[in-house]
Every structure is written in C-alpha cells, then in structure tokens.
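Coordinate analysis (summary)
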Amino acid sequence: MRQELTCITCPMGCHLTIERPDGGAEGEMAVTGNRCPRGAAYAREELLAPKRTVTATCRIHRGGAGASFETSGGPRRVPCRTRAPFPKERVNELLAAIYKLEVNLPVERGAVLIKDALGLGIDVVATRTLH
Amino acid sequence: MKELSFDSVVIGGGAAGMAAALELEAAGKSVAVIEREERLGGILTQCVHNGFGLIEFNEELTGPEFAERFEEKLAGRPIQAFCGCTVLELDAAGIEKVVTCVSPKQGVMRLSCRVVILAMGCRERNRGNIRIPGSRPAGIFTAGLAQRLVNVEGYVPGKECVIIGSGDIGLIMARRMSWIGCKVHAVIEIMPYPSGLTRNIVQCLKDFGIPLYLSHLTTDIFGRDRVEGIEVAPIENGALMTEKAFKIPCDTVLLSVGLVPENELSRMAGVSINPMTNGPWVDSYLMTSLSGVFACGNVLHVHDLVDFVVEESRRAGRFAAAWLGGSRPVRELRVKAGSNVRYVAPSRVEPGRDNKLYLRSMIVKNDALLEVKQGGKLLRSQKKNHVQPSEMLTLELGEKELGAASGMPDASLEVSIQ
Amino acid sequence: MGGCFDVAIIGAGVCGANIARRLSSYELDVALVEKEADVSFGVSKANSGIVHGGFHHNKKYLKARLEIQGAMMFDRLKVELDFPFARCGIVVVALHEDEMRAVEQLYAQGVENGVIGIEMCSAERMLELEPKLSRDAMGGLYAPGGGIVEPYRFVFSLVESATKNGLQLFTDWKVAAAERSDDEWTVHAEDGRSLRARYVVNCAGLYADEVSRIFGAEDYTIKGRKGEYYLLDKLTKSKPNRVVFPVPTSISKGMLVVPTVEGTVLIGPTASAVDDKDNAATTRTELETILRSARNMVPDVSETDVITSFAGIRPTLGEDYYIDASAKVPAFIQVAGIQSPGLTASPAIGEYVKDLLKKAGLKLVEKADWDPCIEKSPRARELSAFELDKLIAENPEYGEVVCRCERVTEAEIVAAIRRGHTTLDGIKYFTRAQMGRCQGGFCTYKIIKILMRETGMSWDAITKHGRESTVLRGEL
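Notes on the structure in this doc start here.

About the thresholds
Residues numbered from 1 in each chain as written. Chains lettered and ligands numbered in written order. Predicted model: local features only at pLDDT ≥ 70, side-chain atom pairs only at ≥ 80, totals over all residues. Heavy atoms only, no water. Contact = heavy atoms within 4.5 Å. Buried area = accessible area lost by both parts, 1.4 Å probe. Salt bridge = Lys/Arg side-chain N within 4 Å of Asp/Glu carboxyl O. Polar contact = N/O pair within 3.5 Å; in protein donor to acceptor, adjacent residues only side chain to side chain. Helix = DSSP H or I, 4+ residues; strand = E, 2+ residues; numbered from the N terminus. Phe/Tyr/Trp six-rings, centres within 6.5 Å; stacked < 30°, edge-to-face > 60°. Buried < 20%, exposed > 50% of the residue type's maximum accessible area, 1.4 Å probe, protein only. Lys NZ or Arg CZ within 6 Å of the ring centre and 35° of its normal. Core = buried A, V, L, I, M, F, W, Y, C linked by side-chain atoms within 4.5 Å.

With respect to the interface of chain B and chain C
Contacts between chain B and chain C engage 50 residues on the former and 52 residues on the latter. Of all residues in chain B, B:Arg131, B:Arg136 and B:Tyr155 give up the largest surface area on contact with chain C, accounting jointly for 16% of the area buried on that side. Joining chain B to chain C, the criterion identifies nine salt bridges. A salt bridge links B:Glu262 to C:Arg404; its shortest N-O distance comes to 3.1 Å. Linking chain B with chain C are 25 residue pairs in polar contact (both at pLDDT 80 or more). If you tally residues by element for the side of chain B that touches chain C, the top one is helix H4 (residues 143-153) of chain B, at five residues.

Description of the packing of aromatic side chains
Counted according to the given criterion, the structure contains 22 aromatic pairs over all chains. Between C:Phe5 and C:Phe170, the aromatic rings sit 6.2 Å apart at their centres with planes inclined by 80 degrees, giving edge-to-face as the arrangement. Placement of the pair is C:Phe5 in strand S1 (residues 4-10) and C:Phe170 in strand S9 (residues 168-170), with a sequence separation of 165 residues. The same class applies to C:Phe5 and to C:Phe170, which are both buried. Taking the centre distance of 4.9 Å and the plane angle of 70 degrees together, the rings of C:Trp185 and C:Phe215 count as edge-to-face. You can see C:Trp185 sitting in strand S11 (residues 184-189) and its partner C:Phe215 sitting in the loop between helix H6 (208-214) and strand S13 (223-232), a full 30 residues away along the chain. Given the relative accessible area of 3%, C:Trp185 is considered buried. Aromatic ring contacts, followed pair by pair, group C:Phe74, C:Phe83, C:Phe85 and C:Phe154 into a single cluster. Over the face of the ring belonging to B:Phe57 we find B:Arg69, whose NZ or CZ atom lies 4.8 Å from the ring centre.

Examining the nonpolar core
Membership of the largest hydrophobic core comes to 124 residues, with the highest contact counts inside it found for C:Ile9, C:Leu195, C:Val201, C:Phe215, C:Ile323, C:Val335 and C:Ile349. If near-sequence neighbours (up to four positions away) are discounted, C:Val335 is found in contact with C:Cys15, C:Ile19, C:Val201, C:Asn202, C:Cys203, C:Ala208, C:Tyr322, C:Ile323, C:Ile349 and C:Val353. Counting residues in hydrophobic clusters, the runner-up holds 67 residues, among them B:Val33, B:Leu61, B:Cys113 and B:Tyr285.

A short note on the interface of chain A and chain B
Facing the 30 residues of chain A at the interface are 32 residues of chain B. Summed over both sides, the interface between chain A and chain B buries roughly 2,700 Å², with carbon and sulfur atoms accounting for 47% of that surface. The largest share of the area that chain A buries against chain B comes from A:Thr55, A:Arg109 and A:Arg128, three residues that together contribute 22% of it. Run the count over chain A and chain B and you get five salt bridges. The closest approach of N and O atoms between A:Lys88 and B:Asp207, which form a salt bridge, is 3.2 Å. The tally of links between chain A and chain B comes to 14 residue pairs in polar contact (both at pLDDT 80 or more). Secondary structure elements with two or more residues in the side of chain A that touches chain B: strand S5 (55-60), strand S6 (77-82) and helix H3 (91-100) of chain A.

So, in structure tokens, the structure goes:
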C-alpha cells in the first residue's frame, strides 16, 4: 500500500512516499522523498501513532469574585499545554477534560493542571503565571 | 507633569523591546520600557500555541512561556518598565529626545533620553485595506482580534467560520476555532500558494479536513446584521472568473491578510519609511534616519520567527549602547534587493565587522542560491535548501566577504536569489 | 402609556433631531421615536458630512432656500452643542473648458441665492486655493462658506440637548400601526409599546413612505439611491484644504474629495438606484470608479491609503423636499425626500416644521428655562499634554488609552455609554474608537469589556448596531 505525506519537521516540507507491503507487519515501511532521517522517523510516527502537542486555555475559578471578575479587566483564561505530543486520536477527549477544568489563582507557569492526562503519562501544565 | 530622564527609552515591551532593553542595561545604560498593555510580553501573551523559541531556548515553547522567560530576565535587572502606559508623541529631532506618554497611574509623563528604540510591533491588515465589498455586519474579525477574544477573554466569536488569507495567524486560528468546537468551512487564499508554513497547513488544515482554496478572491461579504456568508471567485490565468463565483454560508469571517508595521509614531516624528517594508530605513547600526532613534522587531519589518526578532533586537540594543558611547559606523555600503528578493534589512552594512541581514524571497524554490554581488562581481554565494516568501532568510556578511568590496563611497551591494 | 404627548417625531436622524431640539425650547411634551438601537443610525450616519455652499440648487426649490438658511445656523449650533464643524470652503473644479460653462451657471445661481463670498476662479487661483488639485484644473468656483461636519456627532448633540430640555427618546421603537380618535394619534410600535400624541411629524427617512401609509396619509414612494464611499488614512498625501467638487451631473453632485473634520479623507459618493432600501452593501465596480474619479481631481489619491468603505442610501422623492402638513389626515407633518443638501438644511427644517406645527394649531409657549447648551465632553486627542495631565488627576480613566489609532481614552468610552450609546457602532460614532487605521483590531475587545462593566450587559447582548448584530456567539 502506498501513502503520501508532507513532513512537518522542518520548513522544507519534503513530500514523502511510504510503501507498506500488503500483508506485511504493521511497522514494515519504506519511506522515500525525505532529505534527512527525521523524515523517515516522522513518517513512521505519523502513520503508526500520530501525535500532536495540544495547547488550549482553561477557565479561572471565580470563587467569591462574582461579577467583578467578569469585568475586572484581567485575563479570563489560563493558557496550558501538554508537556509532550499527545496521541492524535485522543485529542478531542483531552480537550473536553481541559475545558472542564477550573483553575484557582494564583497559578505558576509549569504548574500541573492535569496529571497523567487520560492515563497516557502526559501532564497538562499551565504556560503562564497569573495572580 | 512627571518628567523623568534615562539614557534610553524603549517604546514597546514585547519580545523586541524586552531583548533590546536587556542589552542596553547590560551595557550599563539606564533604560525605561513603555508598554501599553498591563503586562510585558506583547502579542506573545495571546499566542497560546507552541512553536516559539526553537533557536533561542532550544525548546518549542508557547508564546506566553517565551514571553514570561524574558519578563523574568527583566525583573531581575534595574530596567524601569511602565505598563499600562501609551506613548502619545515622540520628539526626536534634537540630541535630547522626549517621549510623551500617558497612563492612569502616572498621568502624562515626559521621558527624556538620548536614545530611543522603536519596538512597537505591527497591526493587522483589515477588510478596508484589501477592499472586500459587501455589507457591514457583525461577525467580521481580524484573526488576531479573534485570537485575543478566544485565548485571553474566553469568548467564542462565531460558530461557522471562514478564514480569508492563509497566513500563519489564520491557519493557527483555523485550528483554534476547530478546537473550541466551531466549524471552519474554508480558508481562502488569493495567491497560488499558501502564505503560511507547511507544517501549519498540515496540523491546522489537513488535520481538520478544512479545504484551502488557492487563487481565490473574496468578492462579497453578505448578511444584514450578522455575517450570513461570503462569495468567492477563482482567479485563472491572472483573470478573475466572476462567472464561476460561489457562496460559502458562514456566520463569522476571520481576516488573516497581512501585517503592517505600526509606524504612526515614527512617521509623526519624521522617521523615513521604506515603502517595501513599511518600516523605517535603517543603517548597519539599525539606526533610523533620525539620529539616536533605532528600530527592531516587527516595527522594522514583519518577522515570522520571534527568535529572529530577539536576535535583531539584541543587536539594536548593543548598537544603541555603543552609539551612546560615541561609536559610529566607519564606512557603510548600501545593500539593495536584487532579483527575486522583496527587501533586505538593514539597508546598509559596515565592512569592518560582522553584519546580519534579514531578507525575504519573492519566489518559492528548493535548492536556491542566495548571492551577494557588487557591481556584477560575486562576493558571496550561499545555498538554501528551500526558500519561500513567508519564511524570512538571514545572511551573515563579515570582514571576509566585505573586505573585498570596492572602496568607492557610492558602491552598493545587491542581494539576489536564483 | 400614560399621558398624551403634544408631538411625536418619527425618525431620529438629522431632521428629527433638529425638530426635536427646536420644539424642546417650548412648553411641550415631545417624544422622539427611532426604530434603530441608537439615533443617527440611518441615512444620517452614511453621507458626505458637508455643509453645502448654497449654489447647487435654484432658489425656486424649497431645498435651496432651506440650504441657505441652514448653512448659516451652524456656527451658533457649534458653540451651543458639541460637534466638530469647520468652514473650510468648497471648490468646484472644471477639468475641461466646457465644464467652465457649468461652473458659471453654478456661480450665477449662487449669486442669485445670496451666497456670501462666492467667487469665480482662474486656474491659478484654483491651485492657490487648493494646491492638491490636478494641474489639469482649468478654473472653477470657490464658496468660502462651505464646510465639513461630523454628522452623527451633530445628531447626538442635538438629541442630547433636546433630552436635557425634556424630550423623551424611545429607541428600538418601530412604528407598526396608528389610528386617530378624539384629536389624538395612537401610535403602536412593532414590539407592542404604544404612545399617544396630538401631532405627529413623519421624518422617517427611507421609510417615510411606509409611515405615511400607516397613518393613512399621502401615498408616495421613496426610492433609494445608493452612494458608496472610500475613507482614506489621516496621513494620506491627498488631503485637500477644501471640499473638492467636480462639475455636477444631472442626477448627482458628483464624486467628491472631502477633508473630513476629523482628519481623514472621504472620496465618493457614487449614485445608483437600488430596489432594496435596506441594502447598503458596497460593490467592487462602484468602488473602482470612485478611485478613478477622485484621482482626476486630486492626483495624490492612492488606494494604499484606503482604510474602509461604506455606503449610504439617499431617500429620493422627486425634485424637491416634501415638507408640508398632510392634506389627507389632520395633525400630521410630512418631512420626506430629504436627500442632499439635507444635512445642511436640517437646522432650517427644524424651524420650518415648527412653523408648520404652529400653523396647524400647536400652541408654542417658550420655556423660560430652556438651555440651548450641552456639556462638552472632553476628548483626550483635543487636549494639550498639560490639560490631559490635569484631567487624569480628576479622572484616571482619561489616562487609559483604549483606541490608540484615534487616541480615545476609557473615560470617553464610558461617557458615550452613559449617554445611551450602548452598541459598538454607537460608541464608535460618539468617540471615534474603531474608526482609525486598525479599524477596531486592537480596541474592540477592550470596548466590549468596558460596555459589559458599565451596563451589566452579558456577553450575548453586545451588538454592533442593535437588532441581530450580536458580536459574540459563545463563552468558553
């Protein structure tokens, strides 16, 4: 079976062609079109276990602030990220979990907001310090 | 009215302003940074996606992380940062410069200094600039405004979205809107190639099955009170095919149609502007046509990597400090944009030392050749694996290459791409 | 509704606002109803913003007489109210020898109409008066009394003055039905509200014909003629000193180059008949003709200076204004077909309608305590550094610059909101925030937050211009 991908590891964007023999083992593949070994590694991962770094924002816990929080003028979201690329097919689930969060202020950059997200060993951390 | 005095004033506290300020302070100069937002960081604070700092920190950081690392560097140093403060006027005609600014806390302040660094960044092109006709309903946002509303304020600008322009901001917002549960119906691009990075086409469009219409012009936006749709028409062989126009229903239009360096203050102060970059003309010290006024970052020319912004701004800070100490360029050569090059900045180099030029290609090409010539004679040739207009190129020219340059006072260099 | 108003004015555009203010100086209960979310949201916000020179129309027409009278009233109004106005002068340029014939005719008409200071100009004099003109200018005429005004600020000021003196304003109030009984009109709004009034003034602009029919009055048709405009950046090289007119055509005064009173340059308008009076969309082809025409007169006009475009629709009804008491129904004054020079004529229309009402039996007793002036709202961009510094000490919100392009501070946004302008467009017209280079790219989210804070509105109530124009579609 033949597949085509664009490598996104560097700005060159090599056009990769991947040949996987029918009936062969899952990991058996020949990658052509890459100008460096990172292309082969990318193709492998993208086809077998595609991952994406997920960035998002989460709600800030209002507590007793009430209406004044809404209009106080400060940021209303805490930005966050997965510490490492996350399995692509579980991203929507992860986002749903992130959107349910309510973060208490103050929060430090790097603070773990979700430990071991979806049991996949990757933390979601805050990317900004907010008071 | 408060009157304060510093060696240098930096206008803008984003990546460029912070990097320049750190260099000035390191060289022993007193520095004030004026930033109109409540916190330093500039546009990075709303860019919650990753991709920043690969060169600077050898890590792929998000915008806020990158900004905060620089914020922390400043916090440890005697750099006076005035946040929530907007510059009203720059008077830089004389040796003593006066920056007039205002904030609720400080009232109107006059800061006098001997050196000013312009680091105001850029603004987005809007619908009026590109003249998309049609009605004027609610629901039309520049991509950056939508990004601020979503990432910082926590609001959803719309549910059914079309993005005009395939620049990186538009592509990033295509993904962001999809990740917050909106349907992005299409990205419309007037050129025959996308203007954003390929990796963004893959991870922001292909990942979500969002169609990209290349060589298409948006000919109408309609909707009475709120956007109801847009009309696009293909461009074939350079001609607009209005008979092939079709409508895309949507309730939101995001515009990602280019950035313009924010040089209103500069123009009012009398700084000469290069029409190719919309930023100031600068010499090899990154000094503008006004003595003692330097420029760096997006206000000088629109960058795509914050790492280059920081690198360029560090140079500006160092040169400004050296200039304050009496250092001046000894002999400069003009640098011009040759074939297939849109612009080169700065527009001068000094042969006696290392120079770093930033330039943009006008073509998309693999295995291209970047050449520096003087009067037809080749001084330097550099292979580039890949060039495209949306990716800034850098070029280092040192004593080695420039030593051979002619000593004629009006000699100029030409940078071209083959 | 409780009591019965003496007069109900339908339509809060430049005519309704002037009539309302005029009537507010008498012992009368007056209501001003407006179908949009704010006043001046109809034709009055999308026009050339010119106080005309008084030479374009023959004085046999009512509109010409009202234009001359109205033009003279602006100086006093500027002193009493709070709107930008300047008499920069008007030039009409002839680019060919045969156009000079038309100019001479306009000049003669101006002299007939009693225009002060109007003069015929040679090519040399034209270029001296207006250095931005093309060298092809053969000559023309100069009317030093012509001027520029910000039309929405004019309307806002008039209404503010009227409400200060007792006028009651009702917005989002669209006339749906009306009936008369016992010397009173009962007028019903689309949303169920209603009011009673002894007299009604119909100045409903594009929809004056529909309102007339609702009241059982004369049957006529207002036809829309759309005019598209481009707005150029403040820093454009093409900014003239005077309002530049071409020689007029049979249907319009032509496409102008206007140095707006706030510093930008307006070019246009076009003139094309439209069926849908609601459709103020701009079109590609029309916008291209504007650039070409403007460049003929002022060569420095460049498309790179364009920051936005918009269209207005003229309410046309024959050759002249229809301002008269209805002959069909009692106590009903028609003010219809007020196209150019409507803005110029409007103060005089206020007087004229007051006289029509008096003739129709309305008793006019002057208020002893009528205050013609309104408080001028300080604007940071008009202040010196010292004045601004002092103001910030009293009100720190004057130190918070919200719209950097037009230098509009938070205090001014709050002032707009407190005066009832609670849509993004209303705030825009009152303060100029969102009108500058970046067209709201930087300040819109700030304005939304201030609006929510000041009014308690939730995010889903924020609109661009009322009705269904909500800006945000969800909250994360």
